[in-house]
Structure formats: structure tokens, C-alpha cells
Amino acid sequence: MDSNQSELRFYKIDPFADNTELLQRISEILNEGGSHNASRFSKDIWQWQYNLLPGRDARIYVSAYENKITGYYHVPVYSGMVDGKESRFAMVQDVAVSSSMRGKGVFRKLAEYATNDLIQSDVALLYTFPNKKSIHTFLKYNDYSIVSLMDTYILPVNFTNIIKSKIKLPLIPWVAGKILNAAFSLTNKNLPYSLKIIEMDINDELVEAHFMNFNKQFPIHIKRDKAYLNWRFVQKPGAKHYCFALMNDKTK
């Protein structure tokens, strides 16, 4: 960093205050970096993530240079359980630095500022799912440890549409898609007569009970109660989630 480093500031922002400037800068930073989230970012999405989440607790950290926001570091806080006791878990979620400040150690300093503040707060556990660009900072400067690498699984719904997006010739996607759809369907198995799949309301008490019972298998977990499920799957702007359950038909 050059001699102007003294003008670089780090501070917290109240997530419930007028954050017009922050939201504008987030949009600008996403677009200048060509982020895949740029087109999907909106005020409604941001408010859902950080104003409406259960517990209404989010820590918003920013860096500023010459009175202009140059980076942000968002950390929602969730209710959880540790060995049967109520606790607070924080997840580092949306982080970025403007292109003009990259390569100057700004993200590292912002991460250190946020991490130190969170360590001194009521948060018991701090975690994140970093990408290849940011994992170096978390491991080297913020003393994180890798718990596990997570695999990604994709279930193709319609091979024809996938192939069309890659091959513009009219017949090839249709023929290849039909073949692959048929081959993939052969791997499907019929359910035993005593089981059935039904659609359920995410707010159904049986759904909440299932999540809560599943959580109890683990000594450390986020509390996925009805408030969390409703926020995560019902209230999200521009999204439609469906809940399906595998039920044991006791009538047979």
C-alpha cells in the first residue's frame, strides 16, 4: 500500500440503517468484476439476506478510501446449538473489494478487522465457504482451518436443453437428448408400495419436526426451525421452492 494508506478506513454499518450508498457500491463492484451475481443483485435480495433473517442479526463491515466504500464483508448470524446449549454462529457470506484496491492488501485488512470484531462478540463459531480467490486470505491471515471439501452433484432434468445451449445444429441436440434422457431414466428405481412421495408445505409441522430431529444427531448445528425454513425457502424474493417428502403409507 502506498503513502495514502492512512486514508483507508474500516468500520461497521448498521444493516437496518439507510444503506443506499452501500447497495450502490455493491452493484458497481459486482459489475466491474464481472461477477455472476451482478445481474441477480437487488435491494430486495440484500434486505432478505441481512434484514429479514431469523434473529435479525447481521454484521456488515466495509472499507472506505477517500470517503468512498471500496470493499464489503457481510456476516449473517444464526441461532445454533452446541452440545444442547443455545449458541450463535456467524457465516462469512458476501465479500468483495473494488478493482482499484485489489492487490494492495485491502481485503486482508478488511477480513482481519471483521474477524477480530467477531471474535470479541457473542459469536461462538465462525465459518465460511470460500472460493479459490479468497481461501488464501482465510487460511493464512485469519487462522481458519479446512474442515472438508464439498462435492457438487448435478441431476440433469432435460439433456436436450443442455445440449442446445452448447450445440446450435437443430437435430443433434434433439437426438442426443432423447438418447441420454432414456438412458438416464433406466437408473431410476420404483418405490416399494409402502412408500410414496408427496408435496408438502414447508411450514408444515411435520417438516419442521423432521429437520429438528435430523439436527439432533449432531452436537453442533444451526437451528433449522420453522422460522428459519420459512425465511430460507418461502420469503426469498424471486425464488420458488418446492418441498417433497418421502412418506411411509401406513394404510397399506
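We now turn to the structure provided with this report. (Residues numbered from 1 in each chain as written. Predicted model: local features only at pLDDT ≥ 70, side-chain atom pairs only at ≥ 80, totals over all residues. Heavy atoms only, no water.)

**Looking at the overall build of the protein**
Helices and strands together make up the secondary structure of the protein, namely 8 helices and 9 strands. Radius of gyration (C-alpha) of the protein: 23 Å, far over the 18 Å computed for a compact globule of 252 residues. In terms of overall dimensions, the protein has C-alpha extents of about 75 × 55 × 35 Å along its principal axes. Out of the 252 residues in the protein, the part that is buried amounts to 33%. Of the accessible surface of the protein, which amounts to about 16,700 Å², a share of 54% is contributed by carbon and sulfur atoms. Averaging the coordinates of the 32 positive side-chain charges in the protein and doing the same for the 25 negative ones gives two points 8 Å apart. (Helix = DSSP H or I, 4+ residues; strand = E, 2+ residues; numbered from the N terminus. Rg over C-alpha atoms; globule rule 2.2 N^0.38 Å. Buried < 20%, exposed > 50% of the residue type's maximum accessible area, 1.4 Å probe, protein only. Areas by Shrake-Rupley, 256 points an atom, 1.4 Å probe, with all protein chains shown as cover. Lys, Arg positive; Asp, Glu negative; His and termini not counted. Charge placed at Lys NZ, Arg CZ, Asp CG, Glu CD.)

**Remarks on the nonpolar core**
The biggest cluster of nonpolar side chains holds 30 residues, and the ones touching the most others in it are Leu22, Ile26, Trp46, Ile60, Tyr72 and Tyr78. For this core, the secondary structure elements donating two or more residues are α1 (20-32), α2 (43-50), β2 (58-65), β3 (68-82), β4 (85-92), α8 (226-233) and β9 (243-248). The element that contributes the greatest number of residues to this core is α1, accounting for 5 residues. With near-sequence residues (within four places) excluded, Leu22 lies in contact with Ile13, Trp46, Ile60, Val62, Ile69, Tyr72 and His74. (Core = buried A, V, L, I, M, F, W, Y, C linked by side-chain atoms within 4.5 Å. Contact = heavy atoms within 4.5 Å.)

**A look at the packing of aromatic side chains**
Following the criterion strictly, the structure yields 13 aromatic pairs and no others. Look at Trp46 and Tyr50: their rings are 5.5 Å apart centre to centre, the planes differ by 55 degrees, and that puts the pair in the tilted class. Of this pair, Trp46 and Tyr50 both sit in helix α2, 4 residues apart, roughly one helical turn. We note that Trp46, like Tyr50, is buried. An aromatic cluster of three or more residues is present, and its members are Trp48, Tyr78, Tyr228 and Trp231. Its end group placed over the ring of Tyr141, Arg108 keeps NZ or CZ at 4.7 Å from the ring centre. (Phe/Tyr/Trp six-rings, centres within 6.5 Å; stacked < 30°, edge-to-face > 60°. Lys NZ or Arg CZ within 6 Å of the ring centre and 35° of its normal.)

**Overview of the environment of Thr70**
For Thr70, the location among the structural elements is in strand β3. On the accessibility criterion, Thr70 (5% relative accessible area) is buried. Expressed as a C-alpha distance, the spacing of Thr70 and Val97, which sit 27 residues apart in the sequence, is 5.8 Å. The contacts of Thr70, once residues within four sequence positions are left out, are Leu8, Arg25, Ile29, Ser63, Ala64, Tyr65, Val97, Ser98 and Met101.

**A few points about a nonpolar patch on the surface**
A cluster of nonpolar side chains, contributed by Leu191, Ile197, Tyr242, Phe244 and Leu246, occupies part of the molecular surface with about 580 Å² of accessible area. Mapped onto the elements, Phe244 comes out in strand β9. Since its relative accessible area comes to 55%, Phe244 is described here as exposed. (Patch = residues over 30% accessible without salt bridge, like charges linked within 9 Å, V, L, I, M, F, W, Y side chains within 5 Å. Salt bridge = Lys/Arg side-chain N within 4 Å of Asp/Glu carboxyl O.)

**Topic: α8**
Turning to α8, its buried residues number three or more, namely Tyr228, Leu229, Asn230 and Trp231. The inward-facing, buried residues of α8 abut α2, β3, α7 (205-215) and β8 (220-222).

**Quick look at the pattern of salt bridges**
Counting across every chain of the model gives 8 salt bridges. A salt bridge links Asp117 to Lys12, with the nearest nitrogen and oxygen atoms 3.4 Å apart. With Asp117 in helix α3 (residues 106-119) and Lys12 in strand β1 (residues 8-13), the pair connects residues that are 105 residues apart, well separated along the chain. Accessibility expressed as a relative area gives 25% for Asp117, which makes it partly exposed. The salt bridge partner of Glu86 is Lys223, with a shortest N-O separation of 2.7 Å. Taken as a pair, Glu86 in strand β4 and Lys223 in the loop between β8 and α8 lie far apart in primary sequence, 137 residues in all. Through salt bridges that share partners, Asp57, Arg59, Arg88 and Asp122 make up one connected network.

**Description of unusual backbone geometry**
Phi at Glu66 takes a positive value of approximately 55 degrees, unusual for a residue other than glycine. Position of Glu66 relative to the elements: it lies in the loop between β2 and β3. The phi torsion at Asn67 lies on the positive side, around 65 degrees, for a residue other than glycine.

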